[in-house]
Amino acid sequence: MAEGFVRHKQPWTTDEVQKLHRLAAKGMALKAIGKALTRSEESVQARAKQDGLKISKLR
């Protein structure tokens, strides 16, 4: 059986939000940001939308 996300529905910490903003500003791809934050692409995308950030899908 495949493992689910261990951090499922965990709240974002201040450090994670700051890192998301930094990585998005550098133009990192969604998949790479998710991996760096150990979060799903969907979670990263939802948080970026909530904060008004633009994240490239490919790169």
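Here, the structure is the one placed above.
Residues numbered from 1 in each chain as written. Predicted model: local features only at pLDDT ≥ 70, side-chain atom pairs only at ≥ 80, totals over all residues. Heavy atoms only, no water.

Caption draft 1: Spotlight on the pattern of salt bridges. Taken as a whole, this structure holds two salt bridges when the rule is applied. With its nearest N and O atoms 3.0 Å apart, the salt bridge here joins Arg39 to Glu16. You can see Arg39 sitting in the loop between helix H2 (30–37) and helix H3 (41–51) and its partner Glu16 sitting in helix H1 (residues 14–25), a full 23 residues away along the chain. Considered together, Arg39 and Glu16 belong to a single accessibility category, that of buried residues. Its salt-bridge partner being Asp51, residue Arg47 comes within 3.2 Å of it at the nearest N-O pair. Residue Arg47 and its partner Asp51 are both found in helix H3; the two are separated by four residues, about one turn of the helix. Arg47 gets classed as buried once you look at its relative accessible area, which sits at 18%. (Salt bridge = Lys/Arg side-chain N within 4 Å of Asp/Glu carboxyl O. Helix = DSSP H or I, 4+ residues; strand = E, 2+ residues; numbered from the N terminus. Buried < 20%, exposed > 50% of the residue type's maximum accessible area, 1.4 Å probe, protein only.)

Caption draft 2: Structural context of the side chain of Glu16. Looking at Glu16, the relative accessible area reads 11%, which means it is buried. A polar contact of 3.0 Å, which involves the side chain of Glu16, links it to the side chain of Arg39. (Polar contact = N/O pair within 3.5 Å; in protein donor to acceptor, adjacent residues only side chain to side chain.)

Caption draft 3: Molecular detail of the nonpolar core. In terms of nonpolar packing, the biggest core is built from eleven residues, these being Trp12, Val17, Leu20, Leu23, Ala24, Leu30, Ile33, Leu37, Val44, Ala48 and Ile55. Every element with two or more residues in this core is listed here: H1, H2 and H3. For this core, the leading source of residues is H1, giving four residues. Apart from the residues within four sequence positions on either side, Ile55 is in contact with Leu20, Ala24, Met28, Ala29, Leu30, Ile33, Val44 and Ala48. (Core = buried A, V, L, I, M, F, W, Y, C linked by side-chain atoms within 4.5 Å. Contact = heavy atoms within 4.5 Å.)

Caption draft 4: Representation of the environment of Ile33. Its place among the elements puts Ile33 in helix H2. In the structure, Ile33 is positioned ten residues away from Leu23 in sequence and 6.7 Å away in space, judged by C-alpha atoms. Once residues lying within four places of it in the same chain are set aside, the contact partners of Ile33 are Leu20, Leu23, Ala24, Met28, Val44 and Ile55.

In short, shape yes, function no, at least from these values alone.
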